[in-house]
Amino acid sequence: MMINKRLIGAVPESKKYIAGNVALQWCSLCANIAMMSAVTELFAALFAGSMTQSKIVTTAVIALAAVAVRYGCTVGASRMGYLSSKAVKKTLRGAIYDKLLCLGASYSEQVKTSEVVQVAVEGVDQLETYFGAYLPQFFYAMLAPLTLFVVLCFVSVPTAVVLLVCVPLIPVAIAAVQTWAKKLLSKYWGQYTALGDTFLENLQGLTTLKIYQADAFKNDEMNVEAEKFRKITMKVLTMQLNSITIMDLIAYGGAALGVIMAATQLRAGKIDLAGALLIILLAADFFIPMRQLGSFFHIAMNGMAASDKIFRLLDLSEPAHGGVSCPAGDIVCRGLRFSYEPEREILHGVDLTIPQGKFVSLVGESGCGKSTISALLMGRNKGYTGSMTVGGAELRDIEEASLMRRITYVSHQSYLFKGSEHVLVEVAARAVELVECQRRDDDAGGDVVQARAALAPFDRLRRGALLVAALRHLIGMERVTDVLGLQKVEGQQLLRRRGGELFALLRRQGGHAPAGLVRDRHAHAARCDDPADLF
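Residues numbered from 1 in each chain as written. Predicted model: local features only at pLDDT ≥ 70, side-chain atom pairs only at ≥ 80, totals over all residues. Heavy atoms only, no water.

1. Description of a positive patch on the surface
Together, K183, K187, K231 and K235 make up a positively charged patch on the protein surface. Counting only elements with at least two residues in the positive patch, the list comes to α6 (169-204) and α8 (215-267). With respect to the helices, strands and loops of the structure, K235 is situated in helix α8. (Patch = residues over 30% accessible without salt bridge, like charges linked within 9 Å, V, L, I, M, F, W, Y side chains within 5 Å. Areas by Shrake-Rupley, 256 points an atom, 1.4 Å probe, with all protein chains shown as cover. Salt bridge = Lys/Arg side-chain N within 4 Å of Asp/Glu carboxyl O. Lys, Arg positive; Asp, Glu negative; His and termini not counted. Charge placed at Lys NZ, Arg CZ, Asp CG, Glu CD. Helix = DSSP H or I, 4+ residues; strand = E, 2+ residues; numbered from the N terminus.)

What follows is the structure, given as structure tokens:
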């Protein structure tokens, strides 16, 4: 029941922690049985009037030792659960990250970014409960009733049998709910990821939605999706509440039946007072482990639904990656065709040449394929037909890591970087310092060395940081975040006034490599070497 061999096999390190957790819980149970036996014997002696000082001391010592053992076992079991969940998080998130690296920049063609984020964060967190709580409780819930059955058989066999027979009624109730719960939670996660995808897509395209005054329509659309998610969430909560109610009735009913059996056996003279008290005190322990298993079951089911999506991601076919290093040279497209959807072609046999060392601008109306060409060049989209070469090497044959080192994509979208705004401004200022030193051809100066050292932690973002810093320096922006919003009218006006300096700086930063600028206005491409129309 709810034992996924592949999932457990994916995290083999967790097995020893699960076994340790079960062993510690069993030791705690044994300590509790010893303490209850001593206490019931003490009460029986007190009732019979045969109480002695040595019996009191012995009972106190046993009780204190049992409490100490239970405390240590509880702490140890919690530690085992933590280590198990830690191993699960590290292993599964590492596997997801490695899979994304194998899928490459074009991973979004096979799986949505929002779904990856959701399963890697919340989905893995749900599996933390599965490994850290559900699996240990599953095995302990099987072991505890058998242990108590053996102990109580020495007191009253009929009572022990009745209690043991009632225990399986809880997993029967769980199994009855499982089929319904699995389908419901699958729908829940499907609706959850769909809502997240819609939200991320609308957030990324918020500027465009505002321009075309479609934000109100998307708001209504998201409200409909949110209402669907609310309804499916309420169904999940209703299912959980109903199943918990059934399990509570079985647990309390079974414990009450054990108490009634103990009283009946005592009245018939078949057991003594100590035995009756022991049955009453331990009757609940027959059902508590299985009842806790039922509580963990609902969270574990949520984790199992998430694990299905995780394995669906891990099972995605990996695209073939070329092994050719990306050479320097012209970027040439011949008969380039591409479609996001079979019935709608975006690029219709494009012929384009971006010479090495030149600044080329792609201009055209919205939707004509400017950004698509950039995405193809970065390897973010695959499946094009025709030819697209860099330095004479076909793009599909170029190693992705080599392509990433050769080509940089700076989008118009805003991003949040780690650190305060003050830190970002400081980094931008040092980047500007480096740009100015390079402008003076003063590479031997100490200022350049210091500026480069300051930018070293940001090496992977250096070209983007230099661009942002240059924009801030050239157009007089006070904040880096303002630079990232240059699609606004004010930013476009500033670019018009100081565009000459900007393009000159971009030329110098580009060196001898070809550079491209994707815009939908001819005015922005006026200072380029070769504006290319895409209509």
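2. What to know about the environment of L313
By the secondary structure assignment, L313 is in helix α9 (residues 273-314). When the C-alpha atoms of L313 and I96 are compared, they prove to be 7.6 Å apart, with 217 residues separating the residues in sequence. In this structure, L313 is in contact with I96, K99, L103, V111 and V116, ignoring residues within four places of it in sequence. (Contact = heavy atoms within 4.5 Å.)

3. Digging into the pairing of strand β1 (residues 331-341)
Pairing analysis gives seven bridges linking β1 to strand β2 (residues 344-354), with the strands arranged antiparallel. Within β2, the residue paired with C333 across the bridge is L352. In sequence, β1 turns back onto β2 through a hairpin of two residues. Alignment of β1 against strand β4 (residues 385-390), held across five bridges, turns out to be antiparallel. Paired with I331 across the bridge in β4 is V390. (Pairing = 2+ DSSP bridges.)

4. What to know about the packing of aromatic side chains
In the structure shown here, the tally under the stated rule is eight aromatic pairs. Ring geometry for Y188 against Y192: centres 6.2 Å apart, planes inclined by 20°, an arrangement best described as stacked. Of this pair, Y188 and Y192 both sit in helix α6, four residues apart, which is roughly one turn of that helix. According to the relative accessible area criterion, Y188 is buried, its value standing at 13%. On the basis of relative accessible area, Y192 is assigned to the buried category, the value being 18%. Seen from their ring centres, Y192 and F229 are 5.5 Å apart, and the 20° between their planes marks the pair as stacked. Taken together, the residues Y192 in helix α6 and F229 in helix α8 connect sequence positions 37 residues apart. Pair check on accessibility: Y192 and F229 agree, each one buried. (Phe/Tyr/Trp six-rings, centres within 6.5 Å; stacked < 30°, edge-to-face > 60°. Buried < 20%, exposed > 50% of the residue type's maximum accessible area, 1.4 Å probe, protein only.)

5. Overview of the nonpolar core
If you look at the biggest cluster of nonpolar residues, it comprises 77 residues, and the most contacted ones within it are L7, Y130, F131, Y134, L152, I170 and F287. Every element with two or more residues in this core is listed here: α1 (5-10), α2 (14-48), α3 (53-103), α4 (113-153), α5 (157-166), α6, α8 and α9. Among the elements that line this core, the one with the most residues is α9, at 18 residues. Apart from the residues lying within four places of it in its own chain, the contact partners of L7 are L92, L127, Y130, F131, M304, S307 and F311. Counting 24 residues, the second largest nonpolar core, distinct from the first, contains F338, A393, L403 and I407. (Core = buried A, V, L, I, M, F, W, Y, C linked by side-chain atoms within 4.5 Å.)

6. Concerning the packing of α4 against α9
The contact between α4 and α9 brings their axes to 6 Å, and the two run at 155°. One finds that α4 runs roughly antiparallel with respect to α9. Read as a crossing pair, α4 and α9 show a hand that is left-handed. Within the contact of α4 with α9, the residues separate by chemical class into 31 nonpolar, eight polar and four charged. (Axes fitted to C-alpha atoms, helices over the stretch in contact; angles between N-to-C directions. Parallel < 35°, antiparallel > 145°, perpendicular 65-115°, else oblique. Left-handed = near helix turned anticlockwise from the far one by under 90°. Nonpolar A, V, L, I, M, F, W, Y, C, P; charged D, E, K, R; others polar.)

7. Focus: the packing of α2 against α3
Contact geometry of α2 with α3 gives a least axis separation of 8 Å together with a crossing angle of 160°. Classed by the angle they form, the pair α2 and α3 counts as roughly antiparallel. Classified by chirality, the crossing of α3 by α2 is left-handed. For the contact of α2 with α3, the residue count by class is 21 nonpolar, ten polar and three charged.

8. Considerations on the environment of S402
Within the element layout of this structure, S402 appears in helix α11 (residues 400-406). As a C-alpha pair, S402 and S325 span 77 residues in sequence and 5.6 Å in three-dimensional space. Among residues more than four places away in sequence, those in contact with S402 are S325 and C326. One polar contact links the side chain of S402 to the main-chain amide nitrogen of C326, over a distance of 2.6 Å. (Polar contact = N/O pair within 3.5 Å; in protein donor to acceptor, adjacent residues only side chain to side chain.)

9. Focus: α9
For α9, with 42 residues, the first-to-last C-alpha span of 60 Å sits near the 62 Å given by 1.5 Å per residue. At F297, α9 is deflected by roughly 30°, the largest bend along its length. (Expected span 1.5 Å × (residues − 1). Bend = angle between axes of the 7 residues up to and from the residue.)

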